[in-house]
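Okay, here's what each chain looks like letter by letter:
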Amino acid sequence: MNLRLPGPIPVPEPVAQAGAAPMINHRGPEFASLIQRTTEKLKQIYLTKNDVLTLTASGTGAMEAAVVNFMPPGSHALVITIGVFGNRFKELVSAYGGIATVLEFNFGSAADLGQIKDALEKNSEIKTVFVTHNETSTGVTNPIIPDLVKVVQDHDALLIVDAISSLSSVEFRTDDWEVDVVCSGSQKGWMTAPGLSFISVSEKAWKRFEENSQPRFYFDLLRHKKALADGQTPWTPAISVWFSLDKALDMMIEEGLDAIWARHARAGQRVRDGVRAMGLQLFSQEGVESNTVTSITVPTELDGLEILKIARERYSTVFAGGQAGLKGQIIRFGHLGYMPDSDLDSALDALRNTLVDLNFKA
Ligand SMILES: Cc1ncc(COP(=O)(O)O)c(C=O)c1O
């Protein structure tokens with residue numbers, strides 16, 4: 001199967017093999033060395049000197065950790081959303097007793113800084129801002145993060161970014177941009193199986209933590225920070241995924257961040273060109289297309305679910321469909337992490353053949 005999802009993604013053979021190593025004591029010296037090494041390497045990819053904590057949870061776990069650790073109950077938050085994953089922050093904020101002002105932009109487009117400024121000016125009580133860097137549900141990358149940081153700092157608020165499907169694949173500079181809290185997840189550009197998520201925490205965010213009375217336990221990040229100082233995690237970690245991550249990080253550091261970002265930019269262009277050449281249109285607006293996932297509008301005369309089925313059954317290629325209100329309306333083609341050009345080209349062939357089978361004429 002050619003797995004062309006925006007996560008989980010195909011895991012390179014050496015990474016898969018690393019995950020098959022025998023178990024170790026998670027309270028012993030081997031794990032201490034493993035967690036210390038991976039944390040240092042994660043910081044290299046995050047481009048940060050801030051704390052980076054690894055949680056045994058999927059990406060949503062890191063998002064939830066951000067909310068419970070840094071957003072006091074009853075406090076005001078601005079949730080900027082351009083899709084399904086931005087909406088997840090809205091749900092999390094409400095679930096933990098926050099008061100969310102939601103700024104929703106049309107799906108397929110990026111967030112607009114001017115409107116964000118207006119929203120903040122209208123409500124001086126907003127102390128936390130949530131945003132998605134790369135909206136996987138629509139195939140859009142929000143280019144505003146560095147400028148948004150300044151706006152949020154002027155407002156004396158904390159910025160929490162979901163970079164789950166971008167960090168490690170496209171440019172993201174945690175320290176240069178001064179982003180307080182950044183979430184990511186192992187099954188995306190990190191070339192590892194699902195099961196681990198990462199969260200970086202700035203000094204400013206730790207101050208917020210101290211003032212925050214929100215109840216927390218599994219995702220209490222101070223427990224994680226203290227355990228890390230002892231070479232441990234507070235709870236039993238997903239050791240096999242961690243072994244794989246260690247190998248994947250070595251491969252990423254060997255390739256180099258600039259080379260990784262350039263490879264994703266080329267992959268994004270290759271897929272967009274290929275899709276347009278079939279007479280299909282992109283769902284994402286021009287100029288903000290993601291280099292980790294391409295969203296394709298399903299032509300009105302076709303059935304999106306049928307496309308997915310034929311591609312999978314006849315051409316052994318798995319694309320993702322649309323989520324929530326976009327079900328059946330878009331196809332999402334993942335290109336992040338480990339993705340030889342030949343895999344991208346054969347997935348393009350699979351899509352083209354599927355269209356031919358469905359008698360689509362552009
Ligand atoms: C941008 C974004 N945010 C959040 C998530 C949720 O992560 P998970 O499914 O690992 O909990 C995903 C996963 O697809 C994502 O792409």
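Asks: I'd like to hear about the overall build of the chain, residue by residue, with values.
Replies: Counting its regular elements, the chain contains 13 helices and 14 strands. Taken over the C-alpha trace, the chain has a radius of gyration of 20 Å; the compact-globule value for 362 residues is 21 Å, and the two agree within 12%. Relative to its 362 residues, the chain shows a buried fraction of 49%. Long-range pairs, those at least 24 residues apart, make up 73% of the contacts in the chain with a sequence separation of at least 6.

Asks: Lay out the site of the ligand with the relevant residues and their values.
Replies: The environment of the ligand is made up of Gly7, Ser58, Gly59, Thr60, Phe85, Thr132, Asn134, Thr136, Asp162, Ile164, Ser165 and Gly185. A class-by-class count of the residues in the shell around the ligand yields 2 nonpolar, 9 polar and 1 charged.

Asks: Residue-level account of the packing of helix α11 (residues 257–277) against helix α13 (residues 341–357), with values.
Replies: Any two packed helices are characterised by the angle at which their axes cross and by the distance between the axes. Contact geometry of α11 with α13 gives a least axis separation of 10 Å together with a crossing angle of 20°. The pairing of α11 with α13 is recorded here as roughly parallel in orientation. Relative to α13, α11 is oriented so that their crossing is right-handed. On α13, the residues that touch Ala267, Arg270, Val271 and Gly274 of α11 are Asp341, Leu344 and Leu348. Class assignment for the residues of the contact of α11 with α13 results in 4 nonpolar, 1 polar and 2 charged.

Asks: Go over the nonpolar core with me, naming the residues and quoting the values.
Replies: One recurring pattern in soluble globular proteins is that nonpolar side chains are buried together. Grouped together as the largest cluster of nonpolar side chains are 101 residues, with contacts concentrated most on Ala66, Val129 and Ile199. Shared between two domains, this core takes at least three residues from each, and those domains are domain 1 (13–253) and domain 2 (256–357). When sequence neighbours within four positions are dropped, the list of residues in contact with Ala66 reads Ile160, Val181, Cys183 and Ile199.

Asks: Any chance you could break down the pairing of strand β14 (residues 330–334) for me, citing the residues and the numbers?
Replies: Taking burial as the measure, the 5 residues of β14 include 5 buried ones, the bulk of the element. The alternating pattern of β14 places Ile330, Arg332 and Gly334 on one face and Ile331 and Phe333 on the opposite face, and all of these are buried. One ladder, built from 5 bridges, connects strand β12 (residues 293–297) with β14; its direction is antiparallel. Following the sheet pairing, Ser295 is matched in β14 by Arg332.

Asks: Describe unusual backbone geometry, listing the residues and the values that go with them.
Replies: Between Gly7 and the following residue, Pro8, the backbone shows a cis peptide bond with an omega angle of -5°. Along the chain, Pro8 falls in the loop between β1 (2–4) and α1 (13–18). Unlike most non-glycine residues, Glu178 shows phi in positive territory, near 65°. Within the secondary structure, Glu178 is located in the loop between α7 (174–177) and β9 (181–185).

Asks: Could you give an account of the domain arrangement of the chain, naming the residues involved and the relevant values?
Replies: Interface size is commonly expressed as the accessible surface area that is lost when the partners come together. Domain annotation of the chain identifies domain 1 (13–253) and domain 2 (256–357). Each of domain 1 and domain 2 has a C-alpha centre, and the two are 26 Å apart. Listed by partner, the interface residues are 24 residues for domain 1 and 22 residues for domain 2. Across the side of domain 1 that touches domain 2, the residue classes break down as 10 nonpolar, 12 polar and 2 charged.

Asks: Which residues make up the environment of Gly19, and what values do they have?
Replies: Position of Gly19 among the secondary structure elements: in the loop between α1 and α2 (29–46). When the 22 C-beta atoms within 10 Å are taken as the criterion, Gly19 is described as buried. Sequence-wise, Gly19 and Gly334 are 315 residues apart; in three dimensions their C-alpha atoms are separated by 23 Å. Sequence-distant contacts of Gly19, defined by excluding residues within four places in its chain, comprise Ala193, Ser240, Val241, Phe243 and Ser244.

Asks: So what about the sheet that holds β1? Which residues, and what values?
Replies: Reading across the sheet, the 5 strands line up as β1-β13-β14-β12-β11 and stay open at both edges, with mixed pairing between neighbours. Single-partner strands in this sheet number two, and they are β1 and β11 (281–282). Where strand β13 (residues 317–321) lies against β14, 2 bridges are found, and the strand directions are antiparallel. Looking across to β14, one finds that Gly321 is bridged to Ile331.

Rules used throughout
- Residues numbered from 1 in each chain as written.
- Predicted model: local features only at pLDDT ≥ 70, side-chain atom pairs only at ≥ 80, totals over all residues.
- Helix = DSSP H or I, 4+ residues; strand = E, 2+ residues; numbered from the N terminus.
- Rg over C-alpha atoms; globule rule 2.2 N^0.38 Å.
- Buried ≥ 20, exposed ≤ 12 C-beta atoms within 10 Å, placed from the backbone.
- Contact = placed C-beta atoms within 7 Å.
- Near = placed C-beta within 6 Å.
- Nonpolar A, V, L, I, M, F, W, Y, C, P; charged D, E, K, R; others polar.
- Axes fitted to C-alpha atoms, helices over the stretch in contact; angles between N-to-C directions.
- Parallel < 35°, antiparallel > 145°, perpendicular 65-115°, else oblique.
- Left-handed = near helix turned anticlockwise from the far one by under 90°.
- Core = buried A, V, L, I, M, F, W, Y, C linked by C-beta atoms within 7 Å.
- Domains from an automatic or database assignment.
- Pairing = 2+ DSSP bridges.

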